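# Summary of structural features
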Amino acid sequence: MTGLKKLTTLGAILSTTGGALMAGVFAASLSGSVMADTDLVLSSWLPPRHPVVLNAIKPWAKDIEKVTDGRVTVRVLGKPLGSPPAHFDMARDGVADITYGLHSFSQDDRFTKAEVGQFSFLGDDAIETSKAFYTVYSEDLDAEKDHEGTKVLGLFVHGPGLFHNNQRKIETPEDFSGLKIRVPGGYVASLMESLGATPLFMSSTEVYEKLSRGVIDGATFTYEALTAFNLTDDVKFSMTVPGGIYNTSWFLVMNQGKWDSISADDQAAIESISGMAFAERVGQAWIDADIAAITEIEGAGISLDAAPEPVLDALKASASTLEKNWSDALPEGYDGVAAIARLREISGVDQ
């Protein structure tokens, strides 16, 4: 049959009952487009150009479409559907299909065991520390139970946390006294209080206004946060600690009902780029962002100094006490001391 005869025959078929449906199928086959079976909405609260959004969240979302052959797509919203502290509940309750956030933002005890990823001296490599946190929280501390109502797709941490302020260089433990310092909640709030500073809880997006207006004197943050949240003009002194003065633990979760509606094959495909793979992806994003930020911090004239020995000793003493208190308060059956030790061993910290 010649090409002309084929087209003539096809036209006759399309003119009969049901031809419109076949025309639609024919058009779809010509265009090569495939409609997604599941279109998921991801609420994102970090600035749209934050390195974690650009280099971890959005690439991961695009890869979901690839690994499921277009059957599952993810739309990363330019504006969040709620406040940063509300994001876990938003996923659990179906306000958004997928969310991410800090465990400490919840400001209650539902994620107490996640604090294993928030302590001092956990690691300087965001990839290795994120992988260690994912492993220990999942295997030793029952992360799935803590995130009930959602499917856990990622557990991770950022790079080593620093102490930033605009009042004075920290040279002795007494220099912390009286400083009003932003904290993300959790362990570091107790740490700052034990050192004599006044911890004030606020989400990352609030810090610029509070710092520029003098409501706070500084913040516990990473390197990259100073550039991501435009803080370099309002910080004069930054103090580093081997392994980080603190860290923050993060989740990436999907509403359980939405997850259950996805086919087993597509679930497996999504899991292949989530979990440990996502810990590596987001860890690399933070490493790259920290490296770039250090150049900007130095260019801004901010004093970037290692903690002096007396300060480091005071930090270690407070950290040891807080770690024991946390471990002692865990529900029966969980060994917090062993979990912290395993996390540090995996991340390669020499304590």
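In case you missed it, the structure is sitting above this.
Now for a quick tour of the structure.

Cut-offs used in this document
- Residues numbered from 1 in each chain as written.
- Predicted model: local features only at pLDDT ≥ 70, side-chain atom pairs only at ≥ 80, totals over all residues.
- Heavy atoms only, no water.
- Helix = DSSP H or I, 4+ residues; strand = E, 2+ residues; numbered from the N terminus.
- Buried < 20%, exposed > 50% of the residue type's maximum accessible area, 1.4 Å probe, protein only.
- Contact = heavy atoms within 4.5 Å.
- Core = buried A, V, L, I, M, F, W, Y, C linked by side-chain atoms within 4.5 Å.
- Pairing = 2+ DSSP bridges.
- Axes fitted to C-alpha atoms, helices over the stretch in contact; angles between N-to-C directions.
- Salt bridge = Lys/Arg side-chain N within 4 Å of Asp/Glu carboxyl O.

### Notes on the environment of Gly101
Of note, Gly101 is situated in strand E3 (residues 98–102). Overall, the relative accessible area of 1% leaves Gly101 in the buried class. Taking the C-alpha atoms as reference points, Gly101 and His87, 14 residues apart in sequence, are found 6.4 Å from one another. For Gly101, the residues in contact, after removing those within four places along its chain, are Trp45, Ser249, Trp250 and Phe251.

### Quick notes on the nonpolar core
Membership of the largest hydrophobic core comes to 49 residues, with the highest contact counts inside it found for Trp60, Tyr100 and Leu252. Among residues more than four places away in sequence, those in contact with Leu252 are Ile57, Trp60, Ile98, Thr99, Tyr100, Lys151, Val152, Leu153, Gly154, Phe156 and Phe278. Residues Leu179, Val188, Trp326 and Leu343 belong to the second largest nonpolar core, which totals 48 residues.

### So, the sheet that holds strand E9 (residues 237–240)
The six strands are arranged E7-E6-E8-E5-E9-E11 in an open sheet whose pairing can be described as mixed. Two strands close off the open sheet at either side, each with one partner strand: strand E7 (198–201) and strand E11 (303–306). The mean angle between the axes of side-by-side strands here comes to 25°, regardless of whether they run parallel or antiparallel. Pairing geometry for strand E5 (residues 162–165) and E9, over three bridges, is antiparallel.

### Side note on the pattern of salt bridges
Taken as a whole and assessed by the stated rule, the structure comprises 20 salt bridges. Arg75 is the salt-bridge partner of Asp39, the closest N and O atoms lying 3.0 Å from each other. Of this pair, Asp39 sits in strand E1 (residues 38–43) while Arg75 sits in strand E2 (residues 72–76), and the two are 36 residues apart along the sequence. For Asp39, a relative accessible area of 36% translates into the label partly exposed. Between Asp63 and Lys66 there is a salt bridge; the shortest N-O distance is 3.7 Å. Pair noted here: Asp63 and Lys66 are both in helix H3 (residues 51–67), with a separation of three residues, about one helical turn.

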